[in-house]
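Structural overview for review
Residues per chain are reported as follows:
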Amino acid sequence: MKILFLDQSGKPGGAELCLLDVAKPYRDRCLVGLLADGSFRELLEQQDIPVQVLTGRAIQVQKDSNLLKGLSSLGQLLPFIGEIAQLSREYDVIYANTQKALVVGAIASLLAHRPLVYHLHDIVSSEHFSAINRRLIIGLANRFSSLVIANSHASVASFIAAGGNRDRVKVVYNGFDLQRYQHHADVAAQMRQTLGLGDRFVVGHFSRLSPWKGQQVLIEALQYCPVDVVALLVGDALFGEDAFVAQLHQQVEQLGLGDRVRFLGFRSDVPQLMTMCDLIAHTSTAPEPFGRVIVEAMLCGTPIVAAAAGGVIELIEHGKTGWLSPPGDVLKLADIIQQCHSQPGQAIAIAHQAQQSASQRFNLDTTNQQIAQLLQQVVSDRG
Ligand code: UDP
């Protein structure tokens, strides 16, 4: 089966990193078509996955588009759609991995008579999308897609609540290459030394810097934690949130936490960094569709505390495989950090439990098999 994957982003967010793993088994018979150039293209090339930037320039990616912005970004895409439709004829399935890819994929599917699969990595709600974008997603998915693969039951629920066809959607969790997360204590020790962290209690936060990812919540919580607790913020602003980054730095300065908060920027050695942390905090203030970083923390055997909303509550069993904290609740987060700090034995026991459970539930071989079967079904039904 030949697959044309489409993704709107040149930058590697969670949806793109998931696509990297989904596309890998098809690398001798697929193409990843990007609507913007960037470091995601390089990641695909490094893994020998064929990739092509399908548009001459970057398309503005904004989930909160109003009608005018929405039409203008669609206008940017139109000149390329004929070529993309032509290209689609060389493939058996069009696999749209993001919302704008769904727009392009739907038109290409119509023109090229190829089935369309949409991988939904989002909660389709007003917290994440404007009304026009929600209508667009649902309208196109209902009218043109043969299958919607959703990354969690929370994403499915939002899709159905927004008017999506419930018979077309199947849940497949993100899968992970388990080997990538197996690092030994000596790697962690080395990393601590390189970063000059000594034996301080390190709380890691791994996410792009964006207001709803809630880095500000962790910074605020830090002032209620013992002074040897430090925060590592790993990730960069991917979608033009530079003003927010400046705000975070200002917050750190105002709270006098300069020596307890480190900004590491985007890193490609996430598993090694996670292994080194004493605790990982996920602090999204809006419901997270899935939360790759949560599963990654579990696979590394590092305790995780996460904001209890959206797909997250499908990943963590509170008190058994991690801790859940109400989104935006600074004092509760500080309380859980202190608990892990003062009772490390209990935290490690929970992390081991989480590691075992995550290895079984989020194994890439299994999830890729599930996707392969679903795609096979789509092609057979069409044939
Ligand atoms: N990530 C990364 N480097 C960084 C920060 C994050 O590779 O510096 C990865 C992280 O390991 C995870 C992904 O980016 O796999 C983020 O996915 P998640 O589902 O947590 O959030 P999203 O970006 O989809 O909102």
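For the structure given in this document, a descriptive report is provided here. Keep in mind that this is a model prediction, so the values were computed, not measured. (Residues numbered from 1 in each chain as written. Predicted model: local features only at pLDDT ≥ 70, side-chain atom pairs only at ≥ 80, totals over all residues. Heavy atoms only, no water.)

1. Some thoughts on the environment of I137
Examined against the element boundaries, I137 turns out to sit in helix α5 (residues 131–144). For I137, a relative accessible area of 0% gives the class buried. Measuring from C-alpha to C-alpha, the distance between I137 and K213 comes to 23 Å, with 76 residues separating the pair along the chain. Discounting chain neighbours no more than four positions away, the residues touching I137 are Q99, L102, Y118, V124 and F129. (Helix = DSSP H or I, 4+ residues; strand = E, 2+ residues; numbered from the N terminus. Buried < 20%, exposed > 50% of the residue type's maximum accessible area, 1.4 Å probe, protein only. Contact = heavy atoms within 4.5 Å.)

2. A closer look at the sheet that holds strand β12 (residues 304–307)
Within a sheet, each strand pairs with its neighbour through backbone hydrogen bonds, oriented either parallel or antiparallel. On the basis of which strands lie adjacent, the open sheet formed by six strands has the order β10-β9-β8-β11-β12-β13 and parallel pairing. In this open sheet, the two strands that pair with only one neighbour each are β10 (261–265) and β13 (323–325). On average, each strand axis in the sheet is inclined to that of its neighbour by 25°, with strand direction left out of account. Relative to β10, strand β9 (residues 229–234) runs parallel, the two being bridged by four bridges. Each bridged residue has a counterpart across the sheet, and for L232 the counterpart in β10 is R262. Taken strand by strand, helix α11 (residues 292–300) contacts β8 (201–206), β11 (279–282) and β12, and its axis lies near 165° from that of β12. (Pairing = 2+ DSSP bridges. Axes fitted to C-alpha atoms, helices over the stretch in contact; angles between N-to-C directions.)

3. Regarding the site of the ligand
Close to the ligand lie 16 residues; G14, K213, R267, R292 and E296 are nearest. Interatomic distance of 2.9 Å between a backbone N/O atom of R292 and an oxygen atom of the ligand. Protein chains shield 90% of the accessible area of the ligand, which is 540 Å² for the free molecule. Of all the secondary-structure elements, those providing two or more residues to the shell around the ligand are α1 (14–23) and α11. Classifying every residue of the shell around the ligand gives five nonpolar, five polar and six charged. (Near = heavy atom within 4 Å. Polar contact = N/O pair within 3.5 Å; in protein donor to acceptor, adjacent residues only side chain to side chain. Areas by Shrake-Rupley, 256 points an atom, 1.4 Å probe, with all protein chains shown as cover. Nonpolar A, V, L, I, M, F, W, Y, C, P; charged D, E, K, R; others polar.)

4. Section: helix α8 (residues 215–222)
Within α8, six of the eight residues are buried, which leaves the element mostly enclosed by the surrounding structure. Among all positions of α8, only Q215, V217, L218, I219, A221 and L222 are buried. Contact partners of the buried residues in α8: β8, β9, α9 (242–254), β10, β11 and α13 (330–342).

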